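Residue strings, one per chain:
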Amino acid sequence: MSRIRSVATSAAMNRRTLLAATGAVTLSAGIGYALRPGSEAHAATTDIGESAVAVSLPHSRLRSSGGTPMAPAAPLAPYERGTTLESVAAPRSGSGDYRRLGDGPAWKRVVRGDLAAAKSGRADRRTALAAFVQFTDLHLIDVQHPLRLEYLRTAAAGTWRPHEALTVAGAVSLVERVNALRGAPVTGSPLHFVMTTGDNTDNNSKTELDWFLKVMSGGRISPNSGDPRHYEGVQNSGLKLYWQPDAALRDADKQRGFPHLHGFLAAAIREVRSPGLGLPWYSTVGNHDALPLGCYRHGDSFLAEFAVGGKKLMTLPASASVALRAAIKNDKDPKGTQLRDLLKTHARQLRSVTPDESRAPFTPAQYLKAHLDPAHTGPGPIGHGYSQANLAAGTQYYAFRISDDIIGISIDTTDPGGHYMGSIGTTQLRWLDKTLSDNKDSYAIVFSHHTSKSMTNRRADPAHPSDKRHGGEDVVATLAKHRNVLAWVNGHTHKNEIIAHSAPNHGSFWEINTASHVDFPHLARIIEVVDNKDGTLSLFTTLIESAAPHRTDFSDLSQTGLAALYRELAFNAPGRNTELAGASRDRNTELVLKKA
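Please read all numbers here as calculations on a predicted model, not as lab measurements.

Student: Just to check I follow, could you spell out the overall build of the protein for this structure?
Tutor: Looking only at helices and strands, the protein has 14 helices and 21 strands in total. Residues classed as buried in the protein amount to 61% of the 596 residues present. Long-range pairs, those at least 24 residues apart, make up 77% of the contacts in the protein between residues at least 6 apart in sequence.

Student: Please clarify how helix α12 (residues 426–438) should be interpreted in this entry.
Tutor: A turn of α-helix holds 3.6 residues, and therefore any two residues three or four places apart point the same way. Under the 1.5 Å per step criterion, the end-to-end length of α12 is 18 Å for 13 residues, consistent within 8% with the ideal 18 Å. Buried residues of α12: T426, Q428, L429, W431, L432, T435 and L436, and no others.

Student: In this structure, what is going on with the packing of aromatic side chains? I would like to understand it.
Tutor: Aromatic rings considered in pairs are described by the distance between their centres and by the relative angle of their planes. All chains considered together, the criterion is met by 20 aromatic pairs. With a centroid separation of 5.6 Å and an interplanar angle of 80 degrees, the aromatic rings of F212 and W281 are classed as edge-to-face. Residue F212 is located in helix α4 (residues 206–217), and its partner W281 is located in strand β8 (residues 281–284); the two are separated by 69 residues in the primary sequence. Residue F212 is classed as buried on the basis of its relative accessible area of 0%. Residues Y397 and W431 carry aromatic rings whose centres are separated by 4.9 Å and whose planes lie at 50 degrees to one another, so their mutual orientation is tilted. Separated by 34 residues along the polypeptide, Y397 in the loop between α11 (388–393) and β11 (398–403) and W431 in helix α12 bring together distant segments of the chain. Exposure class is identical for Y397 and W431. Each is buried. Among the aromatic residues, ring-to-ring pairing joins F132, F193, Y282, F362, Y367, Y386, Y398, F400 and F447 into one connected group. Against the face of F554 rests R100, its NZ or CZ located 3.8 Å from the ring centre.

Student: Would you take a moment to explain the sheet that holds strand β17 (residues 497–501) for this structure?
Tutor: Strand-to-strand pairing in sheets goes through backbone hydrogen bonds, with the strands running parallel or antiparallel. Strands sit in the order β11-β12-β14-β16-β18-β17 across an open sheet of six strands; the sheet is mixed. Among the strands making up the open sheet, the edge pair consists of β11 and β17. Averaged over all neighbouring strand pairs, the angle between strand axes comes to 20 degrees, with direction disregarded. Contacting β11, β12 (406–410), β14 (443–447) and β16 (485–490), α12 runs over the sheet at an angle of about 175 degrees to β12. Here helix α13 (residues 472–480) sits on the sheet and contacts β14, β16, β17 and β18 (509–513); the angle it forms with β16, its principal contact strand, is near 155 degrees.

Student: Just to check I follow, could you spell out the packing of helix α7 (residues 301–308) against helix α9 (residues 337–345) for this structure?
Tutor: Packed helices, taken two at a time, are described by the angle between their axes plus the distance between the axes. It is the contact of α7 with α9, at a shortest axis distance of 9 Å, that shows an interaxial angle of 55 degrees. Relative to α9, the element α7 lies oblique. Both α7 and α9 take part in a crossing whose hand is left-handed. Here F302, L303 and F306 of α7 come into contact with α9, specifically with L339, R340, L343 and K344.

Student: Which parts of the structure should I look at to understand the pairing of strand β19 (residues 524–531)?
Tutor: A regular strand carries its side chains on alternate faces of the sheet. Among the eight residues in β19, eight count as buried, and that is most of the element. Along β19, one buried face is formed by A524, I526, E528 and V530 and the opposite face, lined by R525, I527, V529 and D531, is buried too. The sheet contact formed by strand β4 (residues 127–135) and β19 spans seven bridges and is antiparallel. What sits directly across from A128, in β19, is V530. Looking at chain direction, β19 and strand β20 (residues 536–544) are connected through eight bridges and run antiparallel. If you follow D531 over to β20, its bridge partner there is L537. In sequence, β19 turns back onto β20 through a hairpin of four residues, with K533 there showing a positive phi of about 60 degrees.

Student: For this particular structure, what's the right way to read the pattern of salt bridges?
Tutor: Proximity of charged atoms lets side chains of opposite charge pair with each other. Per the counting criterion, the structure on display carries 29 salt bridges. A salt bridge links R122 to E590, with the nearest nitrogen and oxygen atoms 2.8 Å apart. Taken together, the positions of R122 in helix α2 (residues 122–125) and E590 in strand β21 (residues 589–594) put the pair 468 residues apart, joining distant regions of the chain. Across the pair, exposure class does not vary: R122 and E590 are buried alike. With a closest N to O distance of 3.7 Å, K533 and D531 form a salt bridge. According to the relative accessible area criterion, K533 is partly exposed, its value standing at 43%. Beyond isolated ion pairs, a larger network of salt bridges with shared partners links R148, E150, R161, E164, D202, K312 and D519.

Student: Would you mind showing me how to read the sheet that holds strand β3 (residues 110–112) here?
Tutor: Pairing is mixed across the open sheet formed by seven strands, whose spatial order is β3-β21-β20-β19-β4-β5-β8. The strands lining the two open edges of the sheet, one partner per strand, are β3 and β8. Sheet twist, expressed as the average angle between the axes of neighbouring strands with direction ignored, equals 20 degrees. Docked against the sheet, α4 engages β4, β5 (194–197) and β8, running at close to 155 degrees with respect to β8.

Student: Looking at this model, I keep getting lost on the environment of L241. Mind explaining?
Tutor: Counting through the fold element by element, L241 comes out in the loop between β6 (219–221) and α5 (264–268). Residue L241 is classed as partly exposed on the basis of its relative accessible area of 23%. Through-space distance from the C-alpha of L241 to that of D251 is 6.6 Å; in sequence the pair is ten residues apart. With residues up to four places along the chain from it excluded, the contact list for L241 reads R153, T154, D253, M314 and T315.

Student: How do you make sense of the environment of V88 when you look at a structure like this?
Tutor: Following the sequence through the fold, V88 ends up in strand β1 (residues 88–93). A C-alpha to C-alpha distance of 6.0 Å links V88 and P105, two positions 17 residues apart in sequence. When sequence neighbours within four positions are dropped, the list of residues in contact with V88 reads G102, D103, G104, P105, A106, W107, E545 and H550.

What counts and what doesn't
- Residues numbered from 1 in each chain as written.
- Predicted model: local features only at pLDDT ≥ 70, side-chain atom pairs only at ≥ 80, totals over all residues.
- Heavy atoms only, no water.
- Helix = DSSP H or I, 4+ residues; strand = E, 2+ residues; numbered from the N terminus.
- Buried < 20%, exposed > 50% of the residue type's maximum accessible area, 1.4 Å probe, protein only.
- Contact = heavy atoms within 4.5 Å.
- Expected span 1.5 Å × (residues − 1).
- Phe/Tyr/Trp six-rings, centres within 6.5 Å; stacked < 30°, edge-to-face > 60°.
- Lys NZ or Arg CZ within 6 Å of the ring centre and 35° of its normal.
- Pairing = 2+ DSSP bridges.
- Axes fitted to C-alpha atoms, helices over the stretch in contact; angles between N-to-C directions.
- Parallel < 35°, antiparallel > 145°, perpendicular 65-115°, else oblique.
- Left-handed = near helix turned anticlockwise from the far one by under 90°.
- Salt bridge = Lys/Arg side-chain N within 4 Å of Asp/Glu carboxyl O.

The structure is reproduced here in structure tokens:
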């Protein structure tokens, strides 16, 4: 690389950088254009050059409003407080199958030399290049949505989560955690931005999209739809299949030790206040953001009308649940035909709920417009990576500058043809290849929702049937062609996994897959990039939990109390996957790379 400079110790911040940090300037090369708000499209280019840099204003060396230089910032120091290097939620006690959580032992850092040997003395030489946070799979859920598939629990307990009504409170607590971090855990560098890697919503519902944008940028959120006065859904249905928190009914979950919490549902739909992130944030699309229920293509008018209507199916014979679940898993029903027929067949079992137009599915264009809405700019940048050029071309991929030495590239791995597995079209793959080539003097970090292993869906895009779809192996091969690629950061699987990709005579890079914030252990990840000044680079990954206390109090139904309960209920969810935390080599790590 021709430029190696610490973003943490840059001597000055020019006006362009300041505007970028405040959201007044953003760079989006998502379709080959560099756009500025209020300007016309510039000539097509994917060379990002010295454009907008994602920086953290609270840590920059600015002048006061009176023009007097402010005192120099204190020397940078590692900041581990509030990370899993300090403590991790763990079970402490409980009755039956239900365990209460408390403070557990920290997760130690593991040095991985799969791609390059770690050299002694590097801690004294290293220079910080960038530090940022990854959110993934927040799955903000409108639990009263008529299209939800809770009834699949008759086939498998894990298909419905008892804590789903608390996703907004949990996500706000994660925002509070990031806002409380005073620096990166290894270098002490300022955190420069947050990137979400998809499945920000769950049902592809407009209600959820509004909640997500307010969680991230700040605002008041009522996590309720339908009747504004009270909850209408499976948790006050009287069905023993689901946890009935407010009722004395001994349902299946209470038999496992789940508590009777009078007032829970009223608290769950009560207004929540998000302070919004104090850092610029960027967005990547996931299958649950792109497709109704995360797996059905847009276009079925019956399902679209059902989503906003006044009927909801809450239970189903186990045999019918098994059949529908298999059709979804095996990619046999991308259009939702089987779901539509099932709802018609069981019309007599439908329960009445309050209709709500705000539950309508949103299109990719509406997703982009919502991000570009000035009401949701928050700390910036405008559009959170997306631009008017994306909107005009109907694309959801872009590039941006992370620091002087690093670019970020967000790609769209969702398949408009349907199903929850991913792929990428030839047009976008070529754009990715060109963007990396045009910026060969910068390191690159690629962001997506799907992982290399979960990009197996090559169904054609109905709007672009001639644009061949490519799987994860083609993305890996493309990234490996470019020696400036450091990492591919993604989500989707809800599990921590870090994979070393090595290609002879080509580039080597790390694939960093982070667990979700909807399934326990409810995590996000800090990633720091450093130059070791010895021919190697290191990527430090550190997992964080939300700011909610590990211990819960069943009498505390405040916003913070609900966020703590969100984690504990998730830990105890019947049928949950207990392997999502991954191995120690997938959690807090130092990932060493040879410098290109």
